[in-house]
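The residues making up each chain are set out below.
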Amino acid sequence: MLTSTVTVPASPTRKPTIDLLRGFIMIVMAIDHANVFMGPGHSTEVWGVSFADYPGFGEWFTRFVTHLCAPGFFFLMGMSMILLSQNRAGKGWSAANIMAYFLKRGLVIIACMIFLELPGWGVGLSGAETSSAGEGPSLPGTGGAGFVMPATVLFGLGICMIVGGVMHVFNKWQLLLVTVLSFVLSGWVISTADPAEAIPAWQNLLFIPGESSLFMVLYPLVPWLGMTTFGMFWAKIMEAQGDKIYPVALKTGAVFVALFFAVRWLGWGNFQRNEFDGFINFFTLVKYPPGVTFALLFVGLNLLLLYIFSNVKPTGIFRPVQVFGQTAMFFYLIHLYVYGLIGHL
């Protein structure tokens, strides 16, 4: 199977709907990061530790809406990986060739993290002024003396692309099974972990956000791989249904959001330690790692947005949004340095 060269009709690797949604969440992400570099900062919702309270509804809401971004990036990356693999298979590439391509591309993404992203964060955070809203929590794990390598969202995207690249040959139900198992396994590991104890470096990279003796990881592989493989699953369905997938996205997104309310009301699937009052408490969800409630709500909302953008033409005011989606890596890296320099003024 790994060396199959069965030829299928080539499919375009770019879909305007995907680019529009990716561009939209890039804009939302930029708003969040403006708050980090030039505003009071924001809370970082990490499992097992108390994170800063939100000063008010506005501060909570601006942080809440930005939770769309990371699930959207991983979900859309999974979709794009399947679309690209279908296109390359149509040009005669073997499955092994496609896996090698994703391996190289994933390593390039991780290299961009080390040589471009981390310096950008360093420039920005060195001049950022934060208040209590932006004070980072004590991360889970005891860390260690000496240099600790941060592993950011680009690490998560890169490693998920490498592993997901191997899985591009899976059928849609196998990909859905991987998605479910990733959240079950991640939740089980977190439920057995103690945030006050040292995190083994391998668990830090695979399962547990926090700080080990070698790394500081916010996007470990397993929970975010589930977001990626769900996007791959969705693209496999789209392969058969074409544009009919978008009304399905509307219905599925609505079901996911409804399930979120049920699961959250039962108190399941969230690693929250803080207990705020009322409405804000109900919608305060731990992002690191994403639990069942976080995934249901924000993947559901991304599916609803996928349907909305399927009815939008990339012209007029939406053309810049599409361009942001088509140049996401460039925009992401550049905005770190631009915000960092502005923050020093």
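See the structure printed just above.
A.B. asks: Explanation requested: helix α8 (residues 221-241) in the structure shown.
C.D. replies: Think of an α-helix as 3.6 residues a turn; residues three or four steps apart then line up on the same face. Along its 21 residues, α8 runs 30 Å from first to last C-alpha, staying within 8% of the 30 Å computed at 1.5 Å per residue. Burial analysis of α8 places 18 of its 21 residues in the buried class, the great majority of the element. G242 occupies a position one or two residues after α8 and carries a positive phi of about 60°.

A.B. asks: Can you help me understand the packing of aromatic side chains in this one?
C.D. replies: If you walk through the whole model with that rule in mind, you get 30 aromatic pairs. A centroid spacing of 5.8 Å and a plane angle of 85° characterise the contact between F261 and F283, whose relative ring orientation is edge-to-face. You can see F261 sitting in helix α9 (residues 245-266) and its partner F283 sitting in the loop between α10 (278-282) and α11 (292-310), a full 22 residues away along the chain. Taking the centre distance of 4.8 Å and the plane angle of 50° together, the rings of F294 and F298 count as tilted. Residue F294 and its partner F298 are both found in helix α11; the two are separated by four residues, about one turn of the helix. Given the relative accessible area of 0%, F298 is considered buried. An aromatic cluster is defined as three or more aromatic residues linked by ring pairs; in this entry it consists of F57, W60, F61, F64, F260, F261, F279, F282, F283, F294 and F298.

A.B. asks: Hey, could you run me through the pattern of salt bridges in this one?
C.D. replies: Here the idea is simple: oppositely charged side chains can pair when their charged atoms come close. Scanning the model with the defined rule gives three salt bridges in all. Close ionic contact of D19 with R22 constitutes a salt bridge, the shortest N to O distance being 3.1 Å. In this pair, D19 and R22 both sit in helix α1 (residues 16-38), three residues apart, roughly one turn of the helix. Taken individually, D19 and R22 each receive the classification buried, so the pair is uniform in this respect. With a closest N to O distance of 3.0 Å, E45 and R63 form a salt bridge. Of this pair, E45 sits in the loop between α1 and α2 (57-65) while R63 sits in helix α2; the two residues are 18 residues apart in sequence, bridging distant segments of the chain.

A.B. asks: I tried to follow unusual backbone geometry on my own but got confused; where do I start?
C.D. replies: Negative phi is the rule for most residues except glycine; trans is the rule for most peptide bonds. In this model, Y288 is joined to P289 through a cis peptide bond whose omega is 0°. Of note, P289 is situated in the loop between α10 and α11.

A.B. asks: Sorry if this is basic, but what is going on with helix α13 (residues 328-343) here?
C.D. replies: The end-to-end C-alpha distance of α13, which contains 16 residues, comes to 22 Å, matching closely the 22 Å that a straight helix rising 1.5 Å per residue would cover. Along α13, the residues classified as buried are A328, F331, Y332, L333, H335, L336, Y339, G340 and G343. Turning to α13, the residues buried within the fold contact α1, α4 (95-125), α5 (153-166) and α12 (318-326).

A.B. asks: Help me understand the nonpolar core in this model?
C.D. replies: Across soluble globular proteins, you tend to see nonpolar side chains buried next to one another. The biggest cluster of nonpolar side chains holds 103 residues, and the ones touching the most others in it are M79, W234 and Y332. Ranked by the residues each element gives to this core, the list is headed by helix α3 (residues 69-90), at 13 residues. Ignoring anything within four residues of it in the chain, the contact list for M79 reads I18, G231, M232, W234, A235, M238 and L306.

A.B. asks: I'm lost on the packing of α1 against α3 in this one. Help?
C.D. replies: Relative orientation of the contacting elements α1 and α3 amounts to 155°, with a least axis distance of 10 Å. Considered as vectors, α1 and α3 are oriented roughly antiparallel to each other. As for how α1 packs across α3, the hand of that crossing is left-handed. Contacts from I18, L21, R22, I25, M26, V28 and M29 of α1 reach α3 at C69, G72, F73, L76, M79, S80 and L83. Each residue belonging to the contact of α1 with α3 can be placed in one class, and the counts come to 11 nonpolar, two polar and one charged.

How each quantity is defined
- Residues numbered from 1 in each chain as written.
- Predicted model: local features only at pLDDT ≥ 70, side-chain atom pairs only at ≥ 80, totals over all residues.
- Heavy atoms only, no water.
- Helix = DSSP H or I, 4+ residues; strand = E, 2+ residues; numbered from the N terminus.
- Expected span 1.5 Å × (residues − 1).
- Buried < 20%, exposed > 50% of the residue type's maximum accessible area, 1.4 Å probe, protein only.
- Phe/Tyr/Trp six-rings, centres within 6.5 Å; stacked < 30°, edge-to-face > 60°.
- Salt bridge = Lys/Arg side-chain N within 4 Å of Asp/Glu carboxyl O.
- Contact = heavy atoms within 4.5 Å.
- Core = buried A, V, L, I, M, F, W, Y, C linked by side-chain atoms within 4.5 Å.
- Axes fitted to C-alpha atoms, helices over the stretch in contact; angles between N-to-C directions.
- Parallel < 35°, antiparallel > 145°, perpendicular 65-115°, else oblique.
- Left-handed = near helix turned anticlockwise from the far one by under 90°.
- Nonpolar A, V, L, I, M, F, W, Y, C, P; charged D, E, K, R; others polar.

Geometric descriptors of this kind do not, in isolation, establish any biological role.
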